[in-house]
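# Residue-level structure breakdown
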Amino acid sequence: MPVDITTVKQVAYLARLKVPDSDLEKVAEELDSLCEWAEHLKQVNTEGVEPLTSVLDKDMPLIYRQDVVSDGNIQKELMSCAKVSQDGFFVVPKMVE
Amino acid sequence: MTDLVDLTIAQALDGLKKGEFSAVELTKAHIQEMEKAKHLNAYITETPELALEMAAKSDLQIKKGEMRPLEGIPIGMKDLYCTKGVMTTAASHILEGFIPFYESTVSQKLWDAGAVLMGKTNLDEFAMGSGTITGYYGATQNPWKRTNDNSVLVPGGSSGGSAAAVSAGLCMAATGTDTGGSIRQPASFCGVTGIKPTYGRCSRYGIIAFASSLDQAGPLARNVQDTALMLKIMAGFDDKDSTSAQIPVPDYLKSLDGDLKGKIVGIPKEYRPNGINPDVIKMWDAGIKWLKDAGAEVIEISLPNTEYALTVYHVIASSECSSNLARYDGVRFGIRAEGDTLDEMYANTRMQGFGKEVRRRILVGTYILGSSRYEDYFLKAQKVRRLIVDEFNEAFKKVDFLLTPAAPSTAVREDEMRSQDPITVFLNDAFVCPASLAGLPAMVVPAAISSDGLPLGLQIIGKPFGEEMIFKTASIIEKAAKFNLKPHRVEA
Amino acid sequence: MRYTISGKTGQWEVVVGLEVHCQVITKSKLFSAASATFGAEQNSSVSTIDAGYPGMLPVINKFAVEQTVRTGLAINATINKYSAFDRKNYFYADLPAGYQISQFFKPIVTDGYLDIVRDNGEIKRVGIERIHMEQDAGKSIHDLIPAKSCIDLNRAGVTLMELVTRPELESPEDAGKFVRKLRSIVRYLGTCDGNMDEGSMRCDVNVSVNRPGQKFGTRVEVKNVNSIRFVIQAVEIEAKRQIEAYENGEPVIQETRLFDDEKLETRAMRTKEFAIDYRYFPDPDLVHLVLDDDMIKRVKDNMPELPDAKKERFIKQYGLPAYDADILVSEKEIASYFETAAKNNDAKKVSNWIIGDLFALLNAQGKDITESPITAENLGKLVGLITDNTISGKIAKEVFSIMAETGKAPELIVEEKGLKQVTDTAAIEAEIDKVIIANQDKVAEYKAGKDKLLGWFVGQVMAATKGKANPAMLNEMLKKKLS
């Protein structure tokens, strides 16, 4: 099933990448060929196979952190990395509610 | 003093201890080499002043008789590791000017062991590539050239900067990261050793994520012993990484000697595809013989799902990266391209900040994870991934480790790789990718020179946390191969 | 009889499901060791993990997990020994990593219920589909800089429990009662402070309407409903809107609407050009969350007594009517106030004083019971003074208001003001004699059969004793003297 331009636009929007209109066709083709390539996974019989998220899964339970406050208070450091900040806030274009 | 750059870490430590030279002298020798090798573009950021400062401290330690395990050893740090006070870019424009105020766990361990930072090594942007050609700061060149051919070769990727720097004597060892072969394939292309340890062996804390379920840190060095020295420091449990393993780190150096009596080596027949470079097969056959000579029994095994590994890898890695890279949005760090609305600011920043390959993978991942495709692609890939893991587990019931070539070919020409479509580029990783999917430790050790004068590496794939077995085998191969450590260093 | 709303064309049933976000009480955040408490300077309770800095990884807070397990046990749910975290991907300035870590595919708690008591005494069991853990987002402030929004990430990464009910609530009141009950429980447990006005408990309300006996209508989600009163109003208003639409032949579309608590309406949220697709997938930074039996047992063994059990006990132990017990257990603090005050006391009297005078007092002063100017011990003593006839009920009211003003102990007030009831027969007799001598005409009238005058005599003696004469004794003695 070929990828249509509307889908490419939606994907670009979801990924917040400004793909120029002139490139949409090309991106569609790329997605197409990648998916076509991925299609051959369908040859594999995976009936009853549980998907694997991590090679550690279930063998190694999640490590816990005790509920202790030992981080934070780095407002100055955080702001020093931000291109735009004011009074200890990160600043972005006005968000519409 | 130039011969200082040809020492192994073990030799250097010995020399430092005996006072034959100082850490500052050792560092200076490498700085000089870096000056000569600018054209390789192995480093994104060189830190000679910091290096001399660190070396001076090392000299004090040595004087006090408090020498640490890597005291005064000049190393390169892949620019994917966050280093406090030193710009960290992931070879991406989007992180230009980002100076972390925190340190990755692995780099901290290296500093605590006395290592000296020479600089941040080049890579493919966000480690997405197989040639160290996709980064914002330009491609890295392989120090090796084909015999009588001056064309520029890729060092492999994504840890190509580290591999090139180690190979060319710009540092004694370097860190890499391996998501689908990014330590091992460049090690093979540049004629150095490199190990991707078991997933969970090294902390990922402070290492910029590409694909979290696959990313693993590891060292590149000029021989097996140095690699073991590095890994011993880098490895270990970290309570800041939920995926790090609570398993003690053995002394890998102790496993370097001995034979393979009673051990069974598996030779997976799927690693012999059509069109494979005959030199690669020759090396592989030689490798099999060396292991037999060392007392091992060699059997052929089959891993039929190997052919799906690259696809599974790209579905999973693209999906994870599309999510991992969402944080680069111009708000808190890195560059920012303004826009009238929040969404426009995001889209402008990310379009300007990410290079072509990264954008491509983000789009692929975003597409694949879409609710209507999730099951067909992502979930399917996760299921096949389990089959690949199960297949390795089955094999390890019969064998102690696997021996394969590291790559189907020698280093590729840069212009050639640039003109290839993504799937052809992926094929460079066909032999290194399966172990990444299964989280298995795997090491590449240089084993031969091809007919056109380029290094070729053999790969040893071990059981989970079976790094000791791997080091022992690598050490046997290294001795048998009598590999010439130096690239020809044809001047550009 | 099921609740229905009358439309132009007949009766409609309402179906409501709730999604309640509860901020979990912890010291540190769900995945970082930054402080989870409020009121700090902007972006100061923030770690590099919360701010999504490169290379940062989440590590889960054990106590946050225990708090969720505790809540799960309290709603009679299944605690899943294997659960997992997923990423919900979307861009927003208050979501630094570009994804929220949540539990989409395998939540930690599933399949529970709560019972609510309807006004007619009927008990309604409400199914709870799941509770999952997730990260809270940061805050955006829009009026500090012109044309810009300011981002404060102090709240980003604080633990939330999201509880999702089945669509089994059948009226606005059901919805309100459910939230009230849930709030009471999380407060009992100490897993959430339940303060809806501060946003530590937030509701999304799913509403649909249908004709009796017919299939459910289209479900509409109403967001931003931040008090129990608003929950009730939102259900009512949205149900009526849908009924009107259906009756006017307009479609009801599945959408998300916002509740406007000033205009008392719901309105559709602006639709984006592209459909949102959250692209959920398991978070590879967090392997399976595995709960061991010991931990679950430990939490179970340390569960506090919950409202339903406490109500039963109050009825049995104190002989209270269900109505009283219900009110007294609605908040843990009220229940404990009651129990302190009722110690070795007439429990029903104590209950009356709490539900009556004390609540009126607190209401007037805008205080809750923990801020009561009258301690539970003192209220208990006051009731004790009435019971042992030290003061009369009437005097007690006076003492109560002095207690409210001064916070003093009742026996001290009685002592200081000389309010002790006169139970000394000789003293009362002397006062009676004085009144009789001074009012011979009234005595004659009484004796001639005007019985009603007895009250007048009581009043006279009471006035003379400043109300301190024991009324029962006085009555009896007067009758004797006048006969």
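Residues numbered from 1 in each chain as written. Chains lettered and ligands numbered in written order. Predicted model: local features only at pLDDT ≥ 70, side-chain atom pairs only at ≥ 80, totals over all residues. Heavy atoms only, no water.

So, about the domain arrangement of chain C. Domain assignment breaks chain C into domain 1 (4-299), domain 2 (305-417) and domain 3 (425-482). Taken over C-alpha atoms, the centre of domain 1 of chain C sits 68 Å from the centre of domain 3 of chain C. (Domains from an automatic or database assignment.)

This part covers the interface of chain C and chain B. Across the boundary between the two partners, chain C contributes 30 residues, which contact 38 residues of chain B. The contact between chain C and chain B buries some 2900 Å² in all, and 59% of this surface belongs to carbon and sulfur atoms. Summed over the three residues of chain C that lose the most area to chain B, namely Tyr53(C), Pro54(C) and Phe91(C), the buried surface amounts to 22% of that side. Scanning the region where chain C abuts chain B turns up one salt bridge. (Contact = heavy atoms within 4.5 Å. Buried area = accessible area lost by both parts, 1.4 Å probe. Salt bridge = Lys/Arg side-chain N within 4 Å of Asp/Glu carboxyl O.)

This paragraph deals with the packing of aromatic side chains. Two aromatic rings, taken as a pair, are described by how far apart their centres are and by the angle between their planes. Throughout the structure, instances matching the rule amount to 33 aromatic pairs over all chains. Seen from their ring centres, Tyr328(B) and Phe333(B) are 5.8 Å apart, and the 70° between their planes marks the pair as edge-to-face. Each member of the pair Tyr328(B) and Phe333(B) is classed as buried. Centroid distance Tyr90(C) to Tyr278(C): 5.6 Å. Interplanar angle 70°. Geometry classified as edge-to-face. Taken together, the residues span a long stretch of sequence, with Tyr90(C) in the loop between strand 6 (86-89) and strand 7 (99-102) and Tyr278(C) in the loop between strand 16 (265-268) and strand 17 (281-282) at a distance of 188 residues. A residue is classified by how much of its surface remains accessible, and Tyr90(C), at 23% relative accessible area, is partly exposed. Looking at Tyr278(C), the relative accessible area reads 29%, which means it is partly exposed. We note Arg373(B) situated over the ring of Tyr367(B); from NZ or CZ to the ring centre the distance is 3.9 Å. (Phe/Tyr/Trp six-rings, centres within 6.5 Å; stacked < 30°, edge-to-face > 60°. Buried < 20%, exposed > 50% of the residue type's maximum accessible area, 1.4 Å probe, protein only. Helix = DSSP H or I, 4+ residues; strand = E, 2+ residues; numbered from the N terminus. Lys NZ or Arg CZ within 6 Å of the ring centre and 35° of its normal.)

The next subject is the interface of chain B and chain A. The interface is formed by 67 residues belonging to chain B together with 52 residues belonging to chain A. In total, about 5200 Å² of surface goes out of reach between chain B and chain A, with carbon and sulfur atoms giving 71% of it. Sorting the residues of chain B by area buried against chain A places Leu363(B), Tyr367(B) and Arg386(B) first, and these three jointly supply 14% of that buried surface. For the pair chain B and chain A, the number of links is one salt bridge. Here Asp343(B) ties to Arg16(A) by a salt bridge, and the two come within 3.0 Å at their closest N and O atoms. At the surface where chain B touches chain A, the tally comes to 15 residue pairs in polar contact (both at pLDDT 80 or more). Looking at the side of chain B that touches chain A, the element that brings in the most residues is helix 12 (residues 374-398) of chain B, giving 12 residues. Looking at the side of chain B that touches chain A residue by residue, the classes come out as 33 nonpolar, 15 polar and 19 charged. (Polar contact = N/O pair within 3.5 Å; in protein donor to acceptor, adjacent residues only side chain to side chain. Nonpolar A, V, L, I, M, F, W, Y, C, P; charged D, E, K, R; others polar.)

What follows is about the nonpolar core. The biggest cluster of nonpolar side chains holds 315 residues, and the ones touching the most others in it are Leu110(B), Phe126(B) and Tyr53(C). Among the elements that make up this core, the one with the highest residue count is helix 12 of chain B (12 residues). Beyond its immediate stretch of four places on either side in the chain, Phe126(B) contacts Leu80(B), Ala90(B), Ser92(B), Ile94(B), Leu95(B), Ile208(B), Phe210(B), Leu325(B), Tyr328(B), Phe354(B) and Val358(B). (Core = buried A, V, L, I, M, F, W, Y, C linked by side-chain atoms within 4.5 Å.)

Okay, the state of the cysteines next. Summed over the entire model, instances satisfying the criterion amount to zero disulfides over all chains. With no disulfide of its own, Cys35(A) has Cys321(B) as its nearest cysteine by sulfur position, at a separation of 14 Å. The exposure class of Cys35(A) is buried, given its relative accessible area of 9%. (Disulfide = S-S within 2.5 Å.)

Turning to the domain arrangement of chain B, a few remarks are in order. Residue and element names in this part refer to chain B. Here chain B is partitioned into domain 1 (2-256) and domain 2 (307-381). Computed from C-alpha atoms alone, the centre-to-centre distance between domain 1 and domain 2 is 28 Å. Contact residues are listed per partner, giving 20 residues for domain 1 and 20 residues for domain 2. Each partner contributes to the roughly 1600 Å² buried at the junction of domain 1 and domain 2, and carbon and sulfur atoms together form 68% of this total. Remark: the boundary between domain 1 and domain 2 carries zero salt bridges. Counting the contacts that link domain 1 with domain 2 gives eight residue pairs in polar contact (both at pLDDT 80 or more). Of the residues that constitute the side of domain 1 that touches domain 2, the class distribution is 10 nonpolar, eight polar and two charged.

Let's shift gears to the packing of helix 9 (residues 376-387) of chain C against helix 11 (residues 410-417) of chain C. Residues and elements named next belong to chain C. The N-to-C vectors of helix 9 and helix 11 enclose an angle of 55°; their axes lie 8 Å apart at closest approach. It follows from the interaxial angle that helix 9 and helix 11 lie oblique. Along the contact surface, helix 9 presents Asn 378, Lys 381, Leu 382 and Leu 385, while helix 11 presents Pro 410, Glu 411 and Val 414. Classifying every residue of the contact of helix 9 with helix 11 by side-chain character gives four nonpolar, one polar and two charged. (Axes fitted to C-alpha atoms, helices over the stretch in contact; angles between N-to-C directions. Parallel < 35°, antiparallel > 145°, perpendicular 65-115°, else oblique.)

For chain C, per-residue confidence averages 93 on the pLDDT scale, and 100% of positions sit at 70 or higher. Two summary scores accompany this predicted model of the complex, namely pTM at 0.92 and ipTM at 0.96. (pLDDT = per-residue confidence, 0-100.)

Attention now goes to the pattern of salt bridges. Where charged atoms from two side chains of opposite charge approach closely, those side chains can pair. Residues and elements named next belong to chain C. Taken as a whole and judged by the stated rule, the model has 61 salt bridges over all chains. Between Lys 310 and Glu 305 there is a salt bridge whose closest N-O contact spans 3.2 Å. Judged by its relative accessible area of 10%, Lys 310 is buried. Salt bridges linked by common partners bring Arg 2, Glu 13, Arg 118, Glu 122, Lys 124, Glu 170 and Asp 174 together as one network.

The antiparallel open sheet is built from four strands, whose spatial order is 2(A)-3(A)-11(C)-10(C). Sheet topology places strand 2 (85-86) of chain A together with strand 10 (139-141) of chain C at the edges, where each strand pairs with a single neighbour. Note: strand 10 of chain C against strand 11 (residues 148-152) of chain C, three bridges, orientation antiparallel. Within strand 11 of chain C, the position partnered with Ser140(C) by the bridge is Ile151(C). (Pairing = 2+ DSSP bridges.)

The next thing to look at is the pairing of strand 6 (residues 216-221) of chain B. All names here are of chain B. Taken across its six residues, strand 6 has six buried, putting it largely inside the fold. Where strand 4 (residues 173-178) and strand 6 come together, six bridges link them in antiparallel fashion. Across the sheet, residue Ala 174 finds its bridge partner in strand 6, namely Leu 220. Inspection of the sheet shows strand 5 (residues 193-196) paired to strand 6 by two bridges, in the antiparallel sense. Residue pairing across strands places Gly 194 opposite Leu 220, the latter belonging to strand 6.

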